[in-house]
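Now for the letters of each chain:
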Amino acid sequence: MDLYEYQGKQLFARFGIPVSEGRLAETPPAARAAAQELGGPVVVKAQVLTGGRGKAGGIKLAATPDEAEARAREILGLDIRGHVVRKLWIERASEIAKEYYLSLTFDRSAKRPLFMFTTQGGVDIEEVAATSPDALVRLHVDPLEGYHPWQARRLVYGAGVIDPGEQKQIAAIVGKLYDAFVRCDAMLCEINPLIVTPQGEVRALDSKLTVDDNALFRHADIAEMRDTAAADPLEALAREKSVTYVKLDGEVGVLGNGAGLTMSTVDVVTFAGGRPANFCDLGGGGDAQGVVDALSVIVRDPQVKAIFFNIFGGITRCDEVARGILQALAEIEIALPIVVRLDGTNAEEGRRILAEAAPANLHVEPTMLDAARRAVELARVAA
Ligand code: GDP
Ligand code: MN
């Protein structure tokens, strides 16, 4: 479960990580009132469950309550990569001298929590990792031994922080972040930027916190933070139809059978130069109703320009899937191009069924890569 910035900051504050004072607002007048209460300049921050809000115009400074109301008017309703802004966090504006980055996440291959710290914060951390990997200090924590203060010192010295006041404050925050991570059953705790003010004060200016869904039963207070109204409507529809669906950002709708194949399909679409619009796993069945349900969810996403249907028949029989596709097309009108790759059990039979029916928007390709390229191309043409 992903938390909003303000919720993450509330948890941070509980663990003693310094954050700025702020108020939640859902209307422009409420934003004005919040700014008035806080006094002085504020920052108006879109609360959406996606990053890069600053670049998308979702974070704006306001010198006066009047300005806060005006900025709130601009930001509320804004669509930030498919997330409509309905809540604002009005926070006392900070002066920023430096922007650092600190995170704690799971490194699954090492089976340990991993700290990452760099003085090159504020920007995309992927960019830092790619362009100056040496600037990004990585440190694993043995979960059985737990956290030790020397680990914070290694992060801080390793990243080249020389001011003793900063060193001390950051080291304290590192320890508290580990505490928050473990005690909240978090999967990710990220502070970007971790700022240093001109007065030398270190503070979390942003928060990104993901809590393990499987642990929510023992965190009633966190479970309660879930914003059901903001749940992606497509994911809600999918849940209703028992379709395994995750919304992504791209244009190529992806439908596969089995989580592994579907993940590979997402990868191969990216490899072919496209961007997957979703992850959708048909599961082991592949009966007509399953196909109808899955397709009806995928085509609801207006970003989808083409659909890549990737089936490997094992227990699932390709002829049955082919019939499912045809039945789906008969039941719901789909104008989008659909590229199908069928392989495995009864693949030839499946391809023959599709070839005989031959709907105009259906394209059958022999391999996964061919199909990915075709789908990416068709999505590009349609865009
Ligand atoms: P993100 O874009 O979704 O990661 O949102 P952030 O909360 O990280 O804000 C983006 C950027 O806005 C930060 O990196 C800062 O440069 C800027 N920003 C946010 N809050 C403040 C503030 O209080 N004062 C100033 N001067 N800049 C801020
Ligand atoms: Mn940020």
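On a predicted model such as this, the values are computed, not experimentally measured, just so you know. Note on numbering: residues in each chain are counted from 1, in written sequence order. In the order they appear in the text, chains get letters beginning with A and ligands get numbers beginning with 1. Local features are withheld for residues below a pLDDT of 70 in this predicted model, meaning they are given only at 70 or higher, and side-chain atom pairs are given and counted only at 80 or more; totals for whole chains, interfaces and linings count all residues. For the side-chain quantities, the full set of heavy atoms in the structure was used; hydrogens and water were omitted.

## What to know about the side chain of Asn361
1) Next: Examined against the element boundaries, Asn361 turns out to sit in the loop between α12 (347-357) and β18 (362-364).
2) Next: Accessibility expressed as a relative area gives 17% for Asn361, which makes it buried.
3) Next: What qualifies as a polar contact is a pair of N or O atoms within 3.5 Å, subject to a donor-acceptor requirement within protein and to the restriction that residues adjacent in sequence count only when both atoms come from side chains. A distance of 2.8 Å separates the side chain of Asn361 from the backbone oxygen of Ile334, its partner in a polar contact.
4) Next: A polar atom in the side chain of Asn361 sits 2.9 Å from the backbone oxygen of Leu336.
5) Next: It only takes one pair of heavy atoms within 4.5 Å for two residues to be counted as in contact. When residues no more than four places from it in sequence are discounted, the contact partners of Asn361 are Ile334, Ala335, Leu336, Pro337 and Ile338. Each helix is a run of H or I in the DSSP string that is no shorter than four residues. Each strand is a run of E no shorter than two, and both are numbered from the N terminus. Working definition: with a 1.4 Å probe on protein chains only, accessible area under 20% of the residue-type maximum means buried, over 50% means exposed, and in between means partly exposed.

## Considering the packing of helix α10 (residues 288-298) against helix α11 (residues 318-331)
1) Next: Here, axes are lines fitted to C-alpha atoms. For helices the fit covers the stretch in contact, and angles between N-to-C directions go from 0 to 180 degrees. One way to put it is that α10 packs onto α11 with a least axis distance of 8 Å and a crossing angle of 50°. Compared by their axis directions, α10 and α11 come out oblique. Pair α10 / α11 crosses with right-handed handedness. Contact with α10, carried on its side by Ala288, Val291, Val292 and Leu295, involves Gly324, Ile325, Gln327, Ala328 and Glu331 of α11 and no other residues of that element.
2) Next: Following the grouping adopted for this structure description, the nonpolar residues are Ala, Val, Leu, Ile, Met, Phe, Trp, Tyr, Cys and Pro, the charged ones are Asp, Glu, Lys and Arg, and the polar ones are all others, Gly among them. Of the residues belonging to the contact of α10 with α11, the class tally is 6 nonpolar, 2 polar and 1 charged. Orientation categories follow fixed angle ranges, with anything under 35 degrees roughly parallel, anything over 145 roughly antiparallel, 65 to 115 roughly perpendicular, and all other angles oblique. Helix crossings are classified by the rotation of the near helix relative to the far one: an anticlockwise turn of less than a right angle makes the crossing left-handed, while a clockwise turn makes it right-handed.

## Re the coordination of the manganese ion (ligand 2)
1) Next: Protein ligation of the manganese ion (ligand 2) involves Asn192 (O) and Asp206 (OD), the donor distances falling in the range 2.2 Å. Of this pair, Asn192 sits in strand β10 (residues 186-196) while Asp206 sits in the loop between β11 (202-204) and β12 (208-211); the two residues are 14 residues apart in sequence, bridging distant segments of the chain. Of the two residues, Asn192 and Asp206, both sit in the buried class. Here a donor is any nitrogen, oxygen or sulfur atom (N, O, S) within 2.8 Å of the metal, with 3.2 Å used for Na, K and Ca; water is not among the atoms considered, so some sites may look incomplete.

## Quick word on the site of ligand 1
1) Next: Taken together, 16 residues lie near ligand 1, and Lys45, Arg53, Gly54, Ser94 and Glu99 sit nearest.
2) Next: Contacts to ligand 1 include Gly54, whose backbone N or O atom sits 2.8 Å from an oxygen atom.
3) Next: A distance of 3.1 Å separates an oxygen atom of ligand 1 from a polar backbone atom of Asn192.
4) Next: Only the protein chains shown count as cover for residues, and all accessible areas are computed by the Shrake-Rupley method using a 1.4 Å probe. Relative to its unbound accessible surface of 560 Å², ligand 1 loses 80% to contact with the protein. Being near a molecule or strand, for a residue, comes down to having at least one heavy atom within 4 Å of it.

## Observations concerning the environment of Asp281
1) Next: Following the sequence through the fold, Asp281 ends up in strand β15 (residues 278-281).
2) Next: In sequence terms Asp281 and Tyr245 are 36 residues apart; their C-alpha atoms lie 6.7 Å from each other.
3) Next: Excluding residues that lie within four positions of it along the chain, Asp281 makes contacts with Thr244, Gly256, Asn257, Gly258, Ala259 and Thr262.
4) Next: A distance of 3.2 Å separates the side chain of Asp281 from the backbone nitrogen of Ala259, its partner in a polar contact.

## Topic: the packing of helix α9 (residues 259-271) against helix α13 (residues 368-382)
1) Next: Between α9 and α13, whose axes approach to 9 Å, the crossing angle comes to 55°. Classified by the interaxial angle, the pair formed by α9 and α13 is oblique. Read as a crossing pair, α9 and α13 show a hand that is right-handed. Along the contact surface, α9 presents Leu261, Ser264, Thr265, Val268, Val269 and Phe271, while α13 presents Met368, Leu369, Ala372 and Val376.
2) Next: The residue makeup of the contact of α9 with α13, split by class, is 8 nonpolar, 2 polar and no charged.

None of this, on its own, says anything about what the molecule does.
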